Every structure is written in C-alpha cells, then in structure tokens.
Amino acid sequence: MEPVYRLVGADADGEDRAVEAPLRPTDLDGFIGQERVREQLDLVLRAARARGATADHVLFSGAPGLGKTTLSMIIAAEMGAPFRITSGPAIQHAGDLAAILSSLTEGEVLFLDEIHRMSRSAEEMLYMAMEDFRVDVVVGTGLGATPIPLELPPFTLVGATTRAGLLVPPLRDRFGFTAHMEFYAPAELERVIHRSARLLDVAIEPEGAAEIAGRSRGTPRIANRLLRRVRDYAQVKADGVVTREVASAALAVYEIDGRGLDRLDRAVLGALLSLFGGGPVGLSTLAVAVGEERETVEEVAEPFLVREGLLARTPRGRVATPAAWAHLGLAPLPQGDPGTGQQGPFGAGSGGHVASPPPRQRPPRR
Ligand SMILES: Nc1ncnc2c1ncn2[C@@H]1O[C@H](COP(=O)(O)OP(=O)(O)OP(=O)(O)O)[C@@H](O)[C@H]1O
C-alpha cells in the first residue's frame, strides 16, 4: 500500500524526524503521562543503579508516536549509558545483528524499533545475546561452517513494537520489563503542547492548547505536529498568539475537525451513513464508494474511527454507531425506514445494506 500522507497520521514524517529531537523530554520527571509505566520503569532503573548493574531488557508496545523512542533515550540518560538506535527492518540477516552487538560497549542501551520485523535468524541470535550475552558467529559455509562463540558486554536491549502479538514467546519472555503505552488523555496532551510551545517559543493560551489537544488523537507526535501548523497560521494570519479561535481556524484550513477526524475519515463515515444507511456494508464496497484502496480504508481510516466508537466491524460488515450520526450532524434513520428495510445492531436506523437503495440523507439534527 502506498503511504498516505496525513497531518493526523501517527507515523513520523520527514519534518517530524527533523524537528522532534529538541522536543523530547530527557528524564523521567519531564516525561508527561503514562504514570504507571513511568513509576515501574523508575523502580527498575533505580534498582539497577543501586546494584551497579545494567538495567534489565525492556519491551515497549503501543501505537506510533506515543513516546517509545523518547522513553528508551531516557533509560540511557537515567543510566548514564551510551545509546544506539536500530530497527527490525534494518536487520535482515543474523550477520547484521552480530555486527551491531559485537560493537556494543558495557551498559550500552540498544534501541531496536519495530522489533517484530526482524528476520527469524536474527531473532534467534538475539535470544542468546539477551540471555547469555554471547552470540555464535558462523564462519564459512556448507560443511565448513563453524560457529565461533563471541562474548558480549552486558547491555540493555529496549525493544519497541506496535504489534506485541507478533513477537514469538521465546523473545517476549527474555524481556525483564514489559510495558504497554496507552493513548494520552486530553489534559496530558495539553501539557505536552504547553511544553513544546515553550521550547518552540510560541505564545499559546490554555484554550488554544485545549483546542489542539482535542484534535490530536491521543498522540503526542500529532499534538506537536498540529501545534507547528497552528503556529504558522498564527504568525501569518494573526498576531502570533495561539488562542482558541486561531487554533480552530488553523485546523479548519487543514480540514481536521473538532474530534481529530480528517477528510478521509469523514469521507468513509459520510459514505457509510448517507449511501448505506449506516451499514452493514462490506469493506470493498465502502472503499469503492470513497474512491480509495480497500487497505487504505481498513488500515488508515478505520482504526481511529473504531477507537472513537464511530464505526464497528461486525461479521456482516461495517456499521456506523449512533455517535457517528451525531458527529456528522445527521439523524439516524428511524426503525423500519423504507430506505433500508433492515434493523442494524446499533438500533434504529443502523440497518441498511449495499443492495438496498441508498437512503435519503436527513437534515442536520437541531
Ligand atoms: N510523554 C511525552 N511527553 C512529551 N513529549 C512526548 C511524550 N511522548 C512523546 N512525546 C513527543 O512525541 C514525539 C514522538 O515520540 P516518540 O518518537 O518517542 O514516539 P514513538 O512511540 O517512538 O513513535 P514511533 O513508534 O513512530 O517511533 C516526540 O517529539 C516526543 O518528544
């Protein structure tokens, strides 16, 4: 699938990569939210420091942009250890991993992003390295292949994954501490935005920060990106201060609505409601209706709509919830509406079927 650029996408784009470094908190106290993870990690690190030992291996799981890389850098900083970063897709052969591991120094923190995308042979080498701080490097090929054991200095592996379920148990079991990163509450995102605004020298009012936070999909990376776009607008169209009105007008230019939905999200939801009476409708049909690839609808638009309780995936197809009708300002079709002839799982009006004639669009609710 071609990557789809979205201002509210959680993956890092080129600009994010270029500007995120100075916005990262550098110690646990400066890291906002994720209270439980922070508290547990603090204990793990303090205990390791008190023993004069290297910290246990750590696994972070969770959606992109929630702070996994930032926390792993904090682990290195808190341990006073060097930090190195690599990723699963960059390690396609066991030899790639052996080269990295054999150059680690004592106590170094190795951050392995997208650990679920490493090759199987590298994964097997990693188990041994994590457990025994040793790897077998195979020299030669065929009958002449000989494993040469190589001792490694103690190090801390910090793995990050968006798909913890894809990790094989022997790998998962070798992490001493595993944490799942949750989406952030709006109040936490407001703190992230105020902190970033201070670092970027942007004047922002509390209501302006709240406006951005509400549209940031629970994700600090998106909050920081929206802040940068709102700052541009404030400089060009206003007096540079981010007020509620400025934030709201700026994000309207980018077609990000009050709940953080963008044009694609609203197109999917709009088609589901106005063409298919709220569903159920098959994914392929829905994708054709919005002129997008099936994968784009399924992987790019739907996860957030499902998370927000606006859309449900049911065995009979995609279904809009009552909240979806309310969000688009439409009244759900009444029970037994001739436009749909069916009753869906979300009560009155959520029925409807691809084969049915498209229902009439209702005027906005008062
Ligand atoms: N708790 C937080 N407090 C303040 N800023 C944060 C926090 N979490 C993340 N950020 C900011 O959000 C941005 C993205 O964070 P980070 O790169 O650590 O996310 P990630 O989970 O590693 O994402 P990916 O999986 O895409 O690599 C960074 O600019 C970082 O400063």
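Worth saying up front: this structure is predicted, and the values here are computed from it rather than measured.

With that settled, the discussion passes to the nonpolar core. Among the nonpolar cores identified, the biggest contains 45 residues, and Leu41, Phe60, Leu71 and Ile212 are the most heavily contacted of them. Counting residues per element, this core draws most heavily on helix α9 (residues 220-237), at 6 residues. Of the residues that make up this core, three or more belong to each of domain 1 (34-180) and domain 2 (186-253). Residues within four places of Leu71 in sequence aside, it is in contact with Leu28, Phe31, Val37, Leu41, Phe60 and Met181.

All right, on to the UniProt feature "binding site: Mg(2+)" (unreviewed entry) in the chain then. Per the UniProt record, the feature "binding site: Mg(2+)" (unreviewed entry) sits at Thr69. Relative to the helices and strands, Thr69 is located in helix α3 (residues 68-79). Of the residues examined, Thr69 reaches a relative accessible area of 18% and is grouped as buried. Apart from residues lying up to four places away in sequence, Thr69 is in contact with Arg24, Ile85 and Phe111.

What follows covers the layout of surface pockets. A volume near 250 Å³ is recorded for the second largest pocket. Residues belonging to the lining of the second largest pocket are distributed by class as follows: 8 nonpolar, no polar and 5 charged.

One way to put it is that helix α7 (residues 186-200) packs onto helix α8 (residues 206-213) with a least axis distance of 8 Å and a crossing angle of 120°. When the axis of α7 is compared with that of α8, the two are oblique. The two elements α7 and α8 meet at a crossing, and its hand is right-handed. Along its contact with α7, which presents Pro186, Leu189, Glu190, Ile193 and His194, the element α8 presents Pro206, Ala209, Ala210, Ile212 and Ala213.

Here we take up the sheet that holds strand β7 (residues 177-180). Ordered in space as β2-β3-β6-β1-β7, the 5 strands form an open sheet in which the pairing is parallel. The sheet terminates laterally at β2 (83-87) and β7, the two strands that pair on one side only. When strand polarity is set aside, the average angle formed by the axes of neighbouring strands in this sheet is 15°. The pairing of strand β3 (residues 109-113) with strand β6 (residues 156-161) spans 4 bridges and is parallel. From the neighbouring strand, Phe111 faces β6, where its bridge partner is Val158.

Using the criterion set out here, one finds 2 aromatic pairs in the structure. With 6.3 Å between their ring centres and 20° between their planes, Phe83 and Phe111 make a pair best called stacked. With Phe83 in strand β2 and Phe111 in strand β3, this pair connects stretches of sequence that are 28 residues apart. Ring geometry for Phe133 and Phe155: centres 5.4 Å apart, planes at 80°, overall edge-to-face.

Every one of the 19 residues lining the ligand counts as a neighbour, but Ile32, Gly65, Thr69, Thr70 and Arg221 are closest to it. In this structure, Ile32 approaches the ligand through a main-chain N or O atom, which is 2.7 Å from a nitrogen atom. Within the contact set of the ligand, an oxygen atom lies 3.0 Å away from a backbone nitrogen or oxygen of Gly67. Burial of the ligand by the surrounding chains reaches 95%, relative to a free accessible area of 630 Å². Contributions of two or more residues to the shell around the ligand are made by α3 and α9. A class-by-class count of the residues in the shell around the ligand yields 9 nonpolar, 5 polar and 5 charged.

This next bit is on the domain arrangement of the chain. Each assigned domain of the chain is listed with its residue range as follows: domain 1 (34-180), domain 2 (186-253) and domain 3 (263-351). Taking only C-alpha atoms into account, the centre of domain 1 sits 42 Å from that of domain 3.

Let us look at the UniProt feature "binding site: ATP" (unreviewed entry) in the chain. The feature "binding site: ATP" (unreviewed entry), as annotated in UniProt, sits at Leu23, Arg24, Gly65, Lys68, Thr69, Thr70, Glu131, Asp132, Phe133, Arg174, Tyr184 and Arg221 in this numbering. Taking the farthest pair of C-alpha atoms as the criterion, the annotated set spanning 199 residues is dispersed, since that pair is 36.8 Å apart. Of note, Thr70 is situated in helix α3. Since its relative accessible area comes to 8%, Thr70 is described here as buried. If near-sequence neighbours (up to four positions away) are discounted, Thr70 is found in contact with Arg24, Pro25 and Phe31.

So, how was this worked out
Residues numbered from 1 in each chain as written. Predicted model: local features only at pLDDT ≥ 70, side-chain atom pairs only at ≥ 80, totals over all residues. Heavy atoms only, no water. Core = buried A, V, L, I, M, F, W, Y, C linked by side-chain atoms within 4.5 Å. Buried < 20%, exposed > 50% of the residue type's maximum accessible area, 1.4 Å probe, protein only. Helix = DSSP H or I, 4+ residues; strand = E, 2+ residues; numbered from the N terminus. Domains from an automatic or database assignment. Contact = heavy atoms within 4.5 Å. UniProt positions renumbered as here; feature names shortened; annotations may be inferred. 1 Å grid on protein atoms, 1.4 Å probe; cavity = no way out; pocket = protein on both sides within 12 Å on 5 of 7 lines; lining within 4 Å. Points joined across faces, edges and corners; volume = space filled by probe spheres on them. Nonpolar A, V, L, I, M, F, W, Y, C, P; charged D, E, K, R; others polar. Axes fitted to C-alpha atoms, helices over the stretch in contact; angles between N-to-C directions. Parallel < 35°, antiparallel > 145°, perpendicular 65-115°, else oblique. Left-handed = near helix turned anticlockwise from the far one by under 90°. Pairing = 2+ DSSP bridges. Phe/Tyr/Trp six-rings, centres within 6.5 Å; stacked < 30°, edge-to-face > 60°. Near = heavy atom within 4 Å. Polar contact = N/O pair within 3.5 Å; in protein donor to acceptor, adjacent residues only side chain to side chain. Areas by Shrake-Rupley, 256 points an atom, 1.4 Å probe, with all protein chains shown as cover.

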